[in-house]
Amino acid sequence: MKRIGMLTSGGDCQALNAAMRGVVKCLSCSGEDVEIYGFLDGYKGLIYGDFRMLTGHDFAGILTKGGTILGSSRTPFKLMREPDENGLDKVEAMKQNYYKLKLDCMVILGGNGTHKTANLLREEGLNVITLPKTIDNDLWGTDMTFGFQSAVNIATDCIDCIHTTASSHARIFIVEVMGHKVGWLTLNAGMAGGADIILIPEIPYDINKVIKAINEREARGSRFTIMAVAEGAISKDDAKLSKKEYKKKMENYTYPSVSYEIADKIRKKSGKDVRVTVPGHTQRGGSPCPYDRVFATRLGAEAGKLILKGEYGFMVGYKNREVVKVSLEDVAGKLKMVSPDATIVKEAKMVGISFGD
Ligand code: F6P
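Residues numbered from 1 in each chain as written. Predicted model: local features only at pLDDT ≥ 70, side-chain atom pairs only at ≥ 80, totals over all residues. Heavy atoms only, no water.

Draft legend 1. Structural detail: the domain arrangement of the protein chain. Here the domain parsing of the protein chain yields domain 1 (2–147 + 288–331) and domain 2 (149–284). A C-alpha centroid distance of 34 Å is found between domain 1 and domain 2. If you look at the interface, domain 1 gives 15 residues, while domain 2 gives 12 residues. Of all residues in domain 1, the largest losses of buried area upon contact with domain 2 belong to Gln14, Ile135 and Asp136, amounting jointly to 44% of the total for that side. For the salt bridge of Arg284 with Asp12, the shortest nitrogen-to-oxygen distance reads 3.0 Å. In terms of residue class, the side of domain 1 that touches domain 2 is made up of six nonpolar, four polar and five charged. (Domains from an automatic or database assignment. Contact = heavy atoms within 4.5 Å. Buried area = accessible area lost by both parts, 1.4 Å probe. Salt bridge = Lys/Arg side-chain N within 4 Å of Asp/Glu carboxyl O. Nonpolar A, V, L, I, M, F, W, Y, C, P; charged D, E, K, R; others polar.)

Draft legend 2. Quick peek at the environment of Ala151. Examined against the element boundaries, Ala151 turns out to sit in helix 5 (residues 148–168). Among the residues examined, Ala151 registers a relative accessible area of 0% and is labelled buried. Between the C-alpha atom of Ala151 and that of Phe51, which follows or precedes it by 100 residues, the distance is 29 Å. When residues no more than four places from it in sequence are discounted, the contact partners of Ala151 are Gln14, Ile135, Leu185 and Gln283. (Helix = DSSP H or I, 4+ residues; strand = E, 2+ residues; numbered from the N terminus. Buried < 20%, exposed > 50% of the residue type's maximum accessible area, 1.4 Å probe, protein only.)

Draft legend 3. Expanded view of the packing of aromatic side chains. Inspection of every chain in the model, using the stated rule, returns six aromatic pairs. Ring geometry for Tyr253 versus Tyr255: centroids 5.5 Å apart, planes at 65 degrees, classification edge-to-face. By relative accessible area, Tyr255 is classed as partly exposed at 27%. Taking the centre distance of 5.7 Å and the plane angle of 40 degrees together, the rings of Tyr291 and Phe295 count as tilted. In this pair, Tyr291 and Phe295 are both assigned in helix 11 (residues 290–309), four residues apart and thus about one turn of the helix distant. Judged by relative accessible area, Tyr291 falls into the partly exposed class, the value being 35%. An aromatic cluster is present here, built from Tyr37, Phe39 and Phe51 joined pairwise through their rings. When the ring centre of Phe314 is taken as origin, the NZ or CZ atom of Lys325, which lies over that ring, is 4.9 Å away. (Phe/Tyr/Trp six-rings, centres within 6.5 Å; stacked < 30°, edge-to-face > 60°. Lys NZ or Arg CZ within 6 Å of the ring centre and 35° of its normal.)

Draft legend 4. Expanded view of the packing of helix 5 against helix 6 (residues 184–192). Interhelical geometry of helix 5 versus helix 6 gives an angle of 50 degrees and a closest axis separation of 8 Å. Considering the angle they form, helix 5 stands oblique to helix 6. For the pair helix 5 and helix 6, the sense of crossing is right-handed. Facing Phe148, Ala151, Val152, Ala155, Thr156 and Ile159 of helix 5, the residues of helix 6 in contact are Trp184, Leu185, Asn188, Ala189, Gly190 and Ala192. In terms of residue class, the contact of helix 5 with helix 6 is made up of nine nonpolar, three polar and no charged. (Axes fitted to C-alpha atoms, helices over the stretch in contact; angles between N-to-C directions. Parallel < 35°, antiparallel > 145°, perpendicular 65-115°, else oblique. Left-handed = near helix turned anticlockwise from the far one by under 90°.)

Draft legend 5. Here's a closer look at the site of the ligand. All residues adjacent to the ligand are Gly11, Arg74, Ile135, Asp136, Met178, Gly179, His180, Glu231, His281 and Arg284. Between Asp136 and the ligand, the recorded distance is 2.6 Å, taken from a side-chain N or O atom to an oxygen atom. For the ligand, an oxygen atom lies 3.4 Å from a polar atom in the backbone of Gly179. The fraction of the free accessible surface of the ligand (400 Å²) that becomes covered by protein chains is 74%. Residues belonging to the shell around the ligand are distributed by class as follows: two nonpolar, four polar and four charged. Shared between two domains, the shell around the ligand holds at least three residues of each, these being domain 1 (2–147 + 288–331) and domain 2 (149–284). (Near = heavy atom within 4 Å. Polar contact = N/O pair within 3.5 Å; in protein donor to acceptor, adjacent residues only side chain to side chain. Areas by Shrake-Rupley, 256 points an atom, 1.4 Å probe, with all protein chains shown as cover.)

Draft legend 6. Looking closely at the state of the cysteines. The final tally for this structure, using the stated rule, is zero disulfides. Lacking any disulfide linkage, Cys26 is separated from the closest cysteine sulfur, that of Cys29, by 7.4 Å. This cysteine, Cys161, is not joined by any disulfide, and Cys158 carries the nearest cysteine sulfur, 6.8 Å off. (Disulfide = S-S within 2.5 Å.)

Draft legend 7. The pairing of strand 1 (residues 2–8), seen in detail. Most of strand 1 is tucked away: six of the seven residues are buried. Inspection of the sheet shows strand 1 paired to strand 2 (residues 34–39) by five bridges, in the parallel sense. Pairing of Lys2 across the sheet is with Val34, part of strand 2. (Pairing = 2+ DSSP bridges.)

Right under this line is the structure:
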């Protein structure tokens, strides 16, 4: 008999349900008796002992369902060591609930912050297996996270829709894509949608270079320009500021988001007509795409296999087209960012995409 705890933490994404279903199906197909304890709303559920016993029925029919049947929440890693408003020691509380239920292991699905806490629980002696979810694809140790391809599809659809209206009007269109710290989603959706300019956090932009790229397009006879801009796109000037100076600047920030600031600068400097579209959380919503359904099922199955073998302390990731186990200690606290020298960036530039750098 295996007693498995499960939780989904951080921002949700498509294929969380598919991944959990993969774990449970693998365990039940092995003939092993399993009890599944689903903790609700992320680490909160484990801290406050808020769980539901789940059976195979709960995992039936959820392969195609977005969101998470367990609910999710953000519990920042930096607050984990701080007592809650009633003085509760959160880490001790999680350990006590784990031991009280006599769990064999926790299966934790999440992104960067989630992995830091998962590693903390491992250091505290709990058996932990994690699965890499996030539309940002920024988790170190895996070439791919589930949710990413589904979000690329949605952001690309958005750019495709803008394309037809852009071609009717002689305007600049900005599509703001999710990703505060990393630009994988913007880069991929931008390339897939045929964006002319892509701005990502890892490659600070110069607004004059952006306008130059627009003017060059116009000189070649293009009536419109489409820009894919990451939520965290940053100008070269702002990138030079210290963390403290940048934080201070942002305290007096009056734009709803960076895209509106960029649009305003383009308007003021060039007199051009600019429109901003923000697909926002639609990028995390809806059904997982077929790639994510397969991918999450594979990772879930491999997680189930590790549990059956009693191998803990790993994230199940994907490297060089193989599903692999990566030590949690190595994963925790590292971001996988787009290198400005990455081949994909060079190739994008080769086909005329400007990064405003
Ligand atoms: O989960 C990742 C992510 O979707 C980022 O791309 C985005 O910047 C952020 O979460 C949004 O967070 P929230 O849902 O908390 O507003």
